Amino acid sequence: MRSLRPGQVDQDSLPPYDLLDEVLDAYVEHAEGREELLARGYDEAVVDRVLQLVDRAEWKRRQYPPGPKVTALAFGRDRRLPITSRWREV
């Protein structure tokens, strides 16, 4: 795990949290794709960066043991992305 340097903040490399939360919610919880996010008016660079970070970290999510789920995705097949073919939304 990497820690932050003195004076460094997460938003040095991430969009502002309020914007990041909106894009993450739409992409992860509501399964909106890149085109849908762009149609909603989000900046293309922000959308591409967030989707890239989420997609690149998908393999990490699958390493966790099963646990309780508290969202609508708790039922059914969950959020599934292919990780073996290097598929990316962008």
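Residues numbered from 1 in each chain as written. Predicted model: local features only at pLDDT ≥ 70, side-chain atom pairs only at ≥ 80, totals over all residues. Heavy atoms only, no water.

On to helix H1 (residues 17-29). Regarding H1, the residues found buried are Leu20, Val23, Ala26 and Tyr27. The arc that holds the buried residues of H1, viewed along the axis, is 140°, so those residues lie on one side. Here the buried face of H1 lies against helix H2 (34-39) and helix H3 (44-56). Positive backbone phi, at 55°, marks Ala31, one or two positions downstream of H1. (Buried < 20%, exposed > 50% of the residue type's maximum accessible area, 1.4 Å probe, protein only. Helix = DSSP H or I, 4+ residues; strand = E, 2+ residues; numbered from the N terminus. Arc of directions from axis to C-beta. Contact = heavy atoms within 4.5 Å.)

A word on a negative patch on the surface. On the surface, Asp18, Asp21, Glu22 and Asp25 cluster together to form a negatively charged patch. Following the sequence through the fold, Glu22 ends up in helix H1. Judged by its relative accessible area of 41%, Glu22 is partly exposed. (Patch = residues over 30% accessible without salt bridge, like charges linked within 9 Å, V, L, I, M, F, W, Y side chains within 5 Å. Areas by Shrake-Rupley, 256 points an atom, 1.4 Å probe, with all protein chains shown as cover. Salt bridge = Lys/Arg side-chain N within 4 Å of Asp/Glu carboxyl O. Lys, Arg positive; Asp, Glu negative; His and termini not counted. Charge placed at Lys NZ, Arg CZ, Asp CG, Glu CD.)

Glancing now at the side chain of Asp55. Among the secondary structure elements, Asp55 is positioned in helix H3. Within the structure, the side chain of Asp55 is placed 2.6 Å from the side chain of Tyr27, a separation counted as a polar contact. (Polar contact = N/O pair within 3.5 Å; in protein donor to acceptor, adjacent residues only side chain to side chain.)

Topologically, Arg34 is positioned in helix H2. For Arg34, a relative accessible area of 15% corresponds to the buried category. At a separation of 2.6 Å, a polar atom in the side chain of Arg34 contacts the side chain of Asp48.

Let us now look at the pattern of salt bridges. Across all of its chains, the model carries 4 salt bridges by this definition. The network of salt bridges with common partners includes Arg34, Glu35, Glu44 and Asp48.

What follows deals with the packing of H1 against H3. It is at 10 Å that the axes of H1 and H3 come closest, and there the two elements cross at 60°. The orientation of H1 relative to H3 falls into the category oblique. Of the two possible hands of crossing, H1 and H3 adopt the one that is right-handed. On H3, the residues touching Leu19, Leu20, Val23, Leu24, Tyr27 and Val28 of H1 are Val46, Val50, Leu51, Val54 and Asp55. Residue composition of the contact of H1 with H3, grouped by class: 10 nonpolar, no polar and 1 charged. (Axes fitted to C-alpha atoms, helices over the stretch in contact; angles between N-to-C directions. Parallel < 35°, antiparallel > 145°, perpendicular 65-115°, else oblique. Left-handed = near helix turned anticlockwise from the far one by under 90°. Nonpolar A, V, L, I, M, F, W, Y, C, P; charged D, E, K, R; others polar.)

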